[in-house]
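# Overview (structure and organization)
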Amino acid sequence: MSKSINIIKSTAVPLNTENVDTDQIIPARFLKATIRNGFGENLFRDWRYSSDGQPKKDFVLNNPIYHGKILVAAKNFGCGSSREHAAWAIKDYGFDVVVSSFFADIFKNNTLNNFLLPITVSDDFLQKIFTAIENNPETEIEVNLEKQTIKIINKDLVEVFEINNYKKTCLLNGYDDIDYLLSIKKDIEEFETTHSL
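Backbone geometry at Asn 19 places phi at a positive 60°, although glycine is not the residue there. A positive phi is found at Phe 115, a non-glycine position, where the angle reads about 60°. If you trace the backbone, Phe 115 turns up in the loop between α4 (105-113) and β4 (117-120). With a relative accessible area of 7%, Phe 115 lands in the buried category.

Burial runs high along strand β1 (residues 7-15): 7 of the 9 residues are buried. Relative to strand β5 (residues 140-144), β1 is paired through 5 bridges, and the arrangement is antiparallel. In the strand pairing of β5, Ile 7 is matched with Asn 144. In this structure, β1 lies alongside strand β2 (residues 70-73), joined through 4 bridges in parallel fashion. Bridge pairing in β2 places Val 13 opposite Leu 71.

What follows concerns the sheet that holds β5. The strands making up a sheet associate through backbone hydrogen bonding, with each pair oriented either parallel or antiparallel. Spatially, the 7 strands line up as an open sheet ordered β4-β3-β2-β1-β5-β6-β7, and their pairing is mixed. On the outer flanks of this sheet lie β4 and β7 (157-160), each paired with one strand and no other. Strand-to-strand, the axes of this sheet are offset by a mean angle of 25°, without reference to chain direction.

With that settled, the discussion passes to the nonpolar core. In globular proteins that are soluble, nonpolar side chains generally tend to be buried together. One finds Val 99, Leu 117, Val 143 and Ile 150 to be the most contacted residues of the largest nonpolar core, which totals 26 residues. Breaking this core down by element, the ones donating at least two residues are β1, β2, β3 (97-100), β4, α5 (123-135), β5 and β6 (149-152). The biggest single contributor to this core is α5, with 6 residues. For Val 99, the residues in contact, after removing those within four places along its chain, are Ile 70, Leu 71, Val 72, Ala 73, Ile 119, Val 121, Leu 126, Ile 129 and Ile 150.

Within the secondary structure layout, Asn 109 lies in helix α4. C-alpha of Asn 109 to C-alpha of Glu 84: the two residues are 25 residues apart in sequence and 9.2 Å apart in space.

The subject of this paragraph is the environment of Val 121. Among the secondary structure elements, Val 121 is positioned in the loop between β4 and α5. The exposure class assigned to Val 121 is buried, which follows from its relative accessible area of 5%. Sequence separation between Val 121 and Glu 159 is 38 residues; the distance between their C-alpha atoms is 7.3 Å. Apart from the residues lying within four places of it in its own chain, the contact partners of Val 121 are Val 99, Ser 100, Ser 101, Leu 126, Ile 150 and Glu 159.

Here α5 spans 18 Å end to end across 13 residues, near enough to the 18 Å set by a 1.5 Å rise per residue. Among all positions of α5, only Phe 125, Leu 126, Ile 129, Phe 130, Ala 132 and Ile 133 are buried. One face of α5 carries all of its buried residues, which in axial projection span an arc of 165°. Within α5, the exposed residues directed more than 90 degrees away from the buried face are Glu 134 and Asn 135. The inward-facing, buried residues of α5 contact β1, β2, β3, β5, β6 and β7.

Here β5 pairs with β6 via 4 bridges, running antiparallel. What sits directly across from Glu 142, in β6, is Lys 151. Where β5 folds back on β6, the antiparallel hairpin that results is connected by 4 residues, among which Gln 148 adopts a positive phi of roughly 60°.

Calculation notes
- Along every chain, residues carry numbers that run from 1 in the direction the sequence is written.
- pLDDT decides what is reported in this predicted model: residues at 70 or higher carry local features, side-chain atom pairs at 80 or more are listed and counted, and totals for whole chains, interfaces and linings draw on all residues regardless.
- Excluded from the side-chain calculations are hydrogens and water; all other atoms, namely the structure's heavy atoms, are used.
- Runs of H or I in DSSP of at least four residues are treated as helices and runs of E of at least two as strands, each being numbered from the N terminus.
- For the exposure calls, accessible area comes from a 1.4 Å probe over protein chains only, and a residue counts as buried if that area is under 20% of its type's maximum, exposed if over 50%, partly exposed in between.
- A pair of strands is treated as paired once DSSP finds two or more bridges between them.
- Between the N-to-C directions of two axes lies an angle of 0 to 180 degrees, each axis being a line fitted to C-alpha atoms and, for a helix, fitted only over the stretch in contact.
- We call a set of buried residues a nonpolar core when its members are Ala, Val, Leu, Ile, Met, Phe, Trp, Tyr or Cys and they connect through side-chain atoms within 4.5 Å of each other.
- Contacts are residue-level and defined by heavy atoms, with any inter-residue pair within 4.5 Å sufficient.
- Helix span, as expected, comes to 1.5 Å for every residue beyond the first.
- Throughout, the arc means that of the directions going from the helix axis to the C-beta atoms.

Spelled out as structure tokens, the structure:
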């Protein structure tokens, strides 16, 4: 399965709650596993399920009208502890993109390292996305990593986002850090040859 990301066109799931921390994303009691699979079933566990394990009807992930590969979150998403499991849980659930107007730095780095694209948009554009989804849950969002744009398709509204060039290259090619080094092996060898003492 390819891990690369370039153009993603999908409906989105709106989580219009500010200051969502990593313990809400994946509670600490589920951090015992060291492999990345299986965390999606406990994504937002305490918000999704009651103490008896029944789904809470008022939580967005339990609402069948919302679906897709894009999670749209309110400001300051991923704050709190540095657990990488938060990125694992979001990715394992099926999301490829998380959109917010502000991400905690460690969480943002963790997402990039796990082929989950964090897109920081302006507060104004974020609100336009929430409004568009509220008016029509089938609203599609198009993310173009190569061009670094995010578009609300039915509104024809576009905003440019920033991303580290190195991480962009890795995501476009499905590279982790080692894959990237292997991809430039010839350049490294050439440098070593021309700069040897």
